[in-house]
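So the chains spell out like this:
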Amino acid sequence: MKILLTGANGYIGTRLLPVLLENKHEIVCLVRDKRRFQQDNNWENQVEIITGDLLQEESLQEIPKDIDAAYYLVHSMSSTDFSDLEKLSAHHFIKALEKTNCKQIIYLTGIVNDENLSVHLKSRLGVEDILKTSHIAHTYLRAAIIIGSGSASFEIIRDLTEKLPVMIAPKWLKTRCQPIAIRDVLAYLHGVLGNSKAFNKTLDIGGPDILTYKQMLLLYAKERHIKRWIFTVPVLTPRLSSYWLNLVTSVNYSIASSLVESMRNEVICKDDEIKKIVTHECVSYQTALQLAFEKIEQNSIVSSWRDALNRGFLETSFMDQVKVPQNGTLAYKVKLDLNRDKNEVLQNIWAIGGKRGWYYLDWLWNLRG
């Protein structure tokens, strides 16, 4: 099949691409800047890269007419007006696809159970409604938290648990969700491709465990063999909670704000219809954590939530200013004659920090640790 992959530079798209290639599909990757696309040499004859911005309708002329299916993996939470941008993007996507032979649109979105939805989940639902207006068959996969090395959800759990032995946490930690491993998400994304049973279906996907966010943090701590104490209080408002996440974790304030607001909504699968369409056994939350740890330890994180430039309208000319340094950012060498054995000197270098400490301001290094 010939497949259009949007969000090819993003967390999901980067991981889905090799899965599709392994199954002998012909892939067209839509990216806003070709220079940001990390292409493996072995994919050269299998991947076509085209430039286009879904926020700019006139830039989508390169989309081939003979595509069979399209993945819509475009999300944005980094800008304050992300809801309007997502709607505009979806409208342009549909108009461009209706000029092609596309027979299926696959969209990865969020589980929607409540009527009082967060702005984030309401925006995802709005995109679903826009994609439905097309005559092309749609398949919506709704997921809760995705657990995998580099995912925003996993990195927040990791930051909070690793950095804070004691947490005075907001009441949303008592909200239940149904986390799913990244490998299971990829299995479902590929499993519904060209599958007529999945046409015009909205399917919830989730792992076997239903947990509160507090339980997820404590299970992470258990896997890491560290003790953590978590106390929930009602006084931490969504705004304060967002500042708290922004301070302690690596996510910026706008993403933290969107995530915190969404955490008041329970995200649990309504049914298991997906299992009748795609035969796949999902791993447990703890197994998903272990798999993520393995990737981190091997320094083989395929993609990160930071990879996508999802801050709205993008001026790609900034890449023209990025110069590859010939000798690193700064070449600074000092030569010093030593009378001691070379191996002994090296051992002294490797011992800096740790139990020995540092050469000055030791208390500051300890505080940073």
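Above this text is the structure in question.
Residues numbered from 1 in each chain as written. Predicted model: local features only at pLDDT ≥ 70, side-chain atom pairs only at ≥ 80, totals over all residues. Heavy atoms only, no water.

## Section: the overall build of the chain
Then, in step 1: The helix and strand inventory of the chain stands at twelve helices and 13 strands.
Then, in step 2: Counting all 369 residues of the chain, 49% fall into the buried class.
Then, in step 3: When contacts within the chain are restricted to residue pairs at least 6 apart in sequence, long-range pairs at least 24 apart make up 79% of them.
Then, in step 4: Taken as a whole, the chain presents about 20100 Å² of accessible surface, with 52% of it coming from carbon and sulfur. (Helix = DSSP H or I, 4+ residues; strand = E, 2+ residues; numbered from the N terminus. Buried < 20%, exposed > 50% of the residue type's maximum accessible area, 1.4 Å probe, protein only. Contact = heavy atoms within 4.5 Å. Areas by Shrake-Rupley, 256 points an atom, 1.4 Å probe, with all protein chains shown as cover.)

## Thoughts on a nonpolar patch on the surface
Then, in step 1: Among the surface-exposed residues, Trp 358, Tyr 359, Tyr 360, Leu 361, Trp 363, Leu 364, Trp 365 and Leu 367 lie close enough to one another that they form a single nonpolar patch of about 980 Å² accessible area.
Then, in step 2: Along the polypeptide, Tyr 360 turns up in the loop between helix 11 (342-350) and helix 12 (362-368). (Patch = residues over 30% accessible without salt bridge, like charges linked within 9 Å, V, L, I, M, F, W, Y side chains within 5 Å. Salt bridge = Lys/Arg side-chain N within 4 Å of Asp/Glu carboxyl O.)

## Overview of the packing of aromatic side chains
The geometry of two aromatic rings is summed up by the distance between their centres and the angle between their planes.
Then, in step 1: Scanning the entire structure with this criterion turns up seven aromatic pairs.
Then, in step 2: Residues Tyr 72 and Phe 93 carry aromatic rings whose centres are separated by 4.6 Å and whose planes lie at 45 degrees to one another, so their mutual orientation is tilted. Separated by 21 residues along the polypeptide, Tyr 72 in strand 4 (residues 69-72) and Phe 93 in helix 2 (residues 82-97) bring together distant segments of the chain.
Then, in step 3: Since its relative accessible area comes to 1%, Tyr 72 is described here as buried.
Then, in step 4: Phe 93 sits in the buried class, given a relative accessible area of 1%.
Then, in step 5: On the basis of an interplanar angle of 75 degrees and a centroid distance of 5.3 Å, the ring pair of Tyr 220 and Phe 293 is categorised as edge-to-face. Of the two residues, Tyr 220 sits in helix 6 (residues 213-224) while Phe 293 sits in helix 10 (residues 285-297), which places them 73 residues apart along the sequence.
Then, in step 6: On the basis of relative accessibility, which here comes to 13%, the residue Phe 293 falls in the buried class.
Then, in step 7: Among the aromatic residues, those joined into a cluster by ring pairs are Tyr 72, Phe 93, Tyr 107 and Tyr 140. (Phe/Tyr/Trp six-rings, centres within 6.5 Å; stacked < 30°, edge-to-face > 60°.)

## Structural notes on the sheet that holds strand 5 (residues 104-110)
Then, in step 1: Spatial strand order, 3-2-1-4-5-6-11: seven strands in an open sheet with parallel pairing. Bordering the open sheet on either side are strand 3 (47-51) and strand 11 (201-205), each of which pairs with just one other strand. Averaged over all neighbouring strand pairs, the angle between strand axes comes to 20 degrees, with direction disregarded.
Then, in step 2: Across five bridges, the pairing between strand 1 (residues 2-6) and strand 2 (residues 26-31) is parallel. In the sheet register, Lys 2 faces strand 2, and the bridge partner there is Glu 26. (Pairing = 2+ DSSP bridges. Axes fitted to C-alpha atoms, helices over the stretch in contact; angles between N-to-C directions.)

## A word on the pattern of salt bridges
Then, in step 1: For the structure on display, the rule yields twelve salt bridges.
Then, in step 2: The salt bridge involving Asp 68 is made with Lys 103; its shortest N-O contact spans 3.5 Å. In this pair, Asp 68 sits in the loop between strand 3 and strand 4 while Lys 103 sits in the loop between helix 2 and strand 5, placing the two residues 35 residues apart along the sequence.
Then, in step 3: For Asp 68, a relative accessible area of 23% puts it in the partly exposed group.
Then, in step 4: Taking the relative accessible area as the measure of exposure, Lys 103 reaches 48% and is therefore partly exposed.
Then, in step 5: Across the pair Arg 142 and Glu 128 runs a salt bridge, and its minimum N-O distance is 2.8 Å. Of this pair, Arg 142 sits in strand 6 (residues 137-143) while Glu 128 sits in helix 3 (residues 119-132), and the two are 14 residues apart along the sequence. Comparing Arg 142 with Glu 128, the two get one shared label, buried.
Then, in step 6: Here the salt bridges do not stand alone but share partners, grouping Lys 2, Glu 26 and Asp 66 into one network.

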